[in-house]
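These are the residues of each chain, in order.
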Amino acid sequence: MKIQPIKLYNKFRQWLKVDLRLARKGLIVVFVPMTFVLILMSILAYMLNEAEFDVWKEADSKLVIAKANSINRSFLKDEELDQYTKQDIIEQIQALKKLTIDNPAQLENILQLERLANHGLALCQKKPASSKELSQLLQDLNLQVEQIEKEEQKEFDKNIFRSSVNRAFVRQGLVLGLVLNIILGVIMASYFSKGITARLALVFENSKLLAKNKPLLPPQAGRDEIARLDRVFHKMAETLAELSHKEKAVIDNALDVIFTIDSDGRISMINHACFTSWGYTPEELTGQKITKVLHKSDKALAMVLINKLIKGAASRAFETRLVRKDGTVIDILWSATWSKMEKSLFCVAHDITQRKEVERVKRDFYAMISHDLRTPLTSILFSLNIVLKRIDNLTSQLAGRAAAETSKDLTEELQAAEHNCAHLLKLIDSMLTVEKIEAGEIELSPKMFKLSSLIKKAEEGVNAYAREQQIRLTWQYDDAAIAADEERLLQVLINLLGNAIKFSPAGSEVKFSARLSDNQLACEIEDHGPGIPKQYLSTIFDRYKQAKTREDKGGTGLGLTICKAIVKAHGGEIGVNSTEGKGSTFWFKISVISLNKLPGKQINKEDSLG
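Draft legend 1. Inspection of the packing of helix H13 (residues 486-503) against helix H15 (residues 559-569) at higher detail. Between H13 and H15, whose axes approach to 9 Å, the crossing angle comes to 145°. The interaxial crossing formed by H13 with H15 has left-handed handedness. In this structure, H13 contributes Arg488, Gln491, Val492, Asn495, Leu496 and Asn499 to the contact, and H15 contributes Gly559, Leu560, Ile562, Cys563, Ile566 and Val567. In the contact of H13 with H15, the residues fall into seven nonpolar, four polar and one charged.

Draft legend 2. Expanded view of the sheet that holds strand E3 (residues 316-323). Spatial strand order, E2-E1-E5-E4-E3: five strands in an open sheet with antiparallel pairing. The outermost strands of the open sheet, each flanked by one partner alone, are strand E2 (267-270) and E3. When the angles between neighbouring strand axes are averaged without regard to direction, this sheet yields 30°. Here eight bridges tie strand E4 (residues 329-339) to strand E5 (residues 344-351), and the two strands are oriented antiparallel to one another. Pairing of leucine 333 across the sheet is with histidine 350, part of E5. Where helix H9 (residues 299-310) meets the sheet, it contacts strand E1 (257-261), E3, E4 and E5, and its direction lies at approximately 140° from that of E3.

Draft legend 3. Region of interest: the pairing of strand E10 (residues 520-526). Examined bridge by bridge, strand E9 (residues 509-517) and E10 share seven bridges and lie antiparallel to one another. Pairing of serine 517 across the sheet is with glutamine 520, part of E10. Here E10 runs beside strand E12 (residues 583-591); their pairing, made up of seven bridges, is antiparallel. Paired with cysteine 523 across the bridge in E12 is phenylalanine 588.

Draft legend 4. Spatial organisation of the nonpolar core. Grouped together as the largest cluster of nonpolar side chains are 41 residues, with contacts concentrated most on Leu496, Val510, Phe512, Leu521 and Phe588. Only helix H12 (451-468), strand E8 (481-484), H13, E9, E10, H15, strand E11 (573-579) and E12 provide two or more residues apiece to this core. The element that contributes the greatest number of residues to this core is H13, accounting for eight residues. Among all residues touching leucine 521, those that are not within four sequence positions of it are Leu451, Ile482, Ala514, Arg515, Leu516, Phe588, Lys589, Ile590 and Val592. Counting 28 residues, the second largest nonpolar core, distinct from the first, contains Leu294, Ala302, Phe318 and Leu345.

Draft legend 5. Fine view of the sheet that holds E10. Taken together, five strands build an open sheet; the order of strands is E7-E9-E10-E12-E11 and the sheet is mixed. Both outer strands of the open sheet, strand E7 (472-477) and E11, are each paired with one neighbouring strand and no more. Along the sheet, successive strands turn relative to each other by an average axial angle of 10°, direction set aside. The strands touched by H12 within the sheet are E7, E9 and E10, with E7 carrying the most contacts at an inclination of about 175°. Here H13 sits on the sheet and contacts E7, E9, E10 and E12; the angle it forms with E12, its principal contact strand, is near 175°.

Draft legend 6. A look at the packing of aromatic side chains. Under the counting rule described, the total for this entry stands at five aromatic pairs. Between phenylalanine 259 and tryptophan 278 the ring centres are 5.8 Å apart and the planes differ by 65°, which places this aromatic pair in the edge-to-face class. With phenylalanine 259 in strand E1 and tryptophan 278 in helix H7 (residues 273-278), this pair connects stretches of sequence that are 19 residues apart. Note on accessibility: phenylalanine 259 and tryptophan 278 belong to one class, buried. Taking the centre distance of 5.6 Å and the plane angle of 80° together, the rings of phenylalanine 259 and tryptophan 334 count as edge-to-face. Placement of phenylalanine 259 in strand E1 and of tryptophan 334 in strand E4 is noted, with a sequence separation of 75 residues between them.

Procedures and definitions
Residues numbered from 1 in each chain as written. Predicted model: local features only at pLDDT ≥ 70, side-chain atom pairs only at ≥ 80, totals over all residues. Heavy atoms only, no water. Axes fitted to C-alpha atoms, helices over the stretch in contact; angles between N-to-C directions. Helix = DSSP H or I, 4+ residues; strand = E, 2+ residues; numbered from the N terminus. Left-handed = near helix turned anticlockwise from the far one by under 90°. Contact = heavy atoms within 4.5 Å. Nonpolar A, V, L, I, M, F, W, Y, C, P; charged D, E, K, R; others polar. Pairing = 2+ DSSP bridges. Core = buried A, V, L, I, M, F, W, Y, C linked by side-chain atoms within 4.5 Å. Buried < 20%, exposed > 50% of the residue type's maximum accessible area, 1.4 Å probe, protein only. Phe/Tyr/Trp six-rings, centres within 6.5 Å; stacked < 30°, edge-to-face > 60°.

What follows is the structure, given as structure tokens:
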């Protein structure tokens, strides 16, 4: 029977600890001492009220004694009482009755005094009054007043004692209540704070376990904020573990070698890709210097770059050679970033051996094109020109219709061969130009020249082709002296104008316009050809990309690519606006320096700047 209350008490304590929210626990810590104070104050207020009541009783007792003596003195003072004195005696008796109404014993004494007073008043009305009767009356009055005084003294002593007890209780209650309230507040605060700190300590311990990547303590029971925080913490730990597992899976399955290097240059972590790429297992490389796998010729440079990154240099990519476990040498591209928090250099090593080989083969291929194809084709083209000239000379010397027809057939065949040979040379030159520009092997040679000189050269370059295609050219531009690579810009203009002429219908117009504003040259070439379908607008400047039209106009597919490379080399941009069936407008903008706007520099229009 005694176990059940203990169980209930323990359950109550557990409920207070885990089920109540922190705000409610705080309210309990405040509410319980406050309730105790209110109860104590109520008791003390009651005791003070009782003490005040006792004081009033003391005053009433004194007043009763005083009035009783006053009545007695009134009879002793004068045998013949006047009307005022009689009325005063009656009023005092009535007042005594009111004062002693809650004391039956004393009220009986007052009533006896009233009867004696009335008897005395009656004797005083006799003329003359008997001395003996008056003497007896006064004697009875004295005895009755003494009886009243004794009764009041008894009540007075009782009130004084009770009043002193109440005052002592109030004083002791204040001190005891203050002490108990402090003790209760400390106990409540200690009880709740101990429970809170103990449970927070578990959360803190879980945080340390999480940092050490160890299993967490079991989740805490309850529905308060700490329990919710602990559950959220466990959920976060599960999420982090899942993300870490996924991250590890990604790193382990990555084709590139991912590893970290500490400040001493040692490999602290590396993924399994090192086995397939470098031939080493992660266990063989962990803790080893990175120089172990670097080519001896690249060790010094690689360590200089790594030390710069460790000292806070910006992240960068660089290439080195690496010796695999089987002794073969591979090329790798590093991408490295230093982490101050982890005090490690995070690196990704990408094997670029095949890319390097492709680049080498590519360079050899273009060298072969340049030397083994271009040179023979140039010789063939030169020989064809000589043969054509000799045929012309022989034709003029030979007579007869058969000779003329034979000469004409040979000339047409040779001209076709010459055209095809020239087309091959143009294709080869275009390919080599694109490669050199994109490889950065061709540098721009900016110089000052007149814009009108550039336009004139472009006009001379396309006039014959425009007349052949029956295209009318119009020119609109602002003349000025600018600084740019004239030869490269001329190549761009001729290419764009040639394309516009080639795709324009006979009898139409190709319009060229150029504006110079704020040291920026903006050129537009507008035609009225078939336009470019939308699906080709985004790729029109790519290599070997041409818009598919109803009529195949031929071409290498590299002209616009070369234009784009030259414009970008000038720090500009190029584009096209086209509506299918209505025509196209190719445009480009490049930054130039206008001599007309240079401070302190005058232009002499007679100078030859181009």
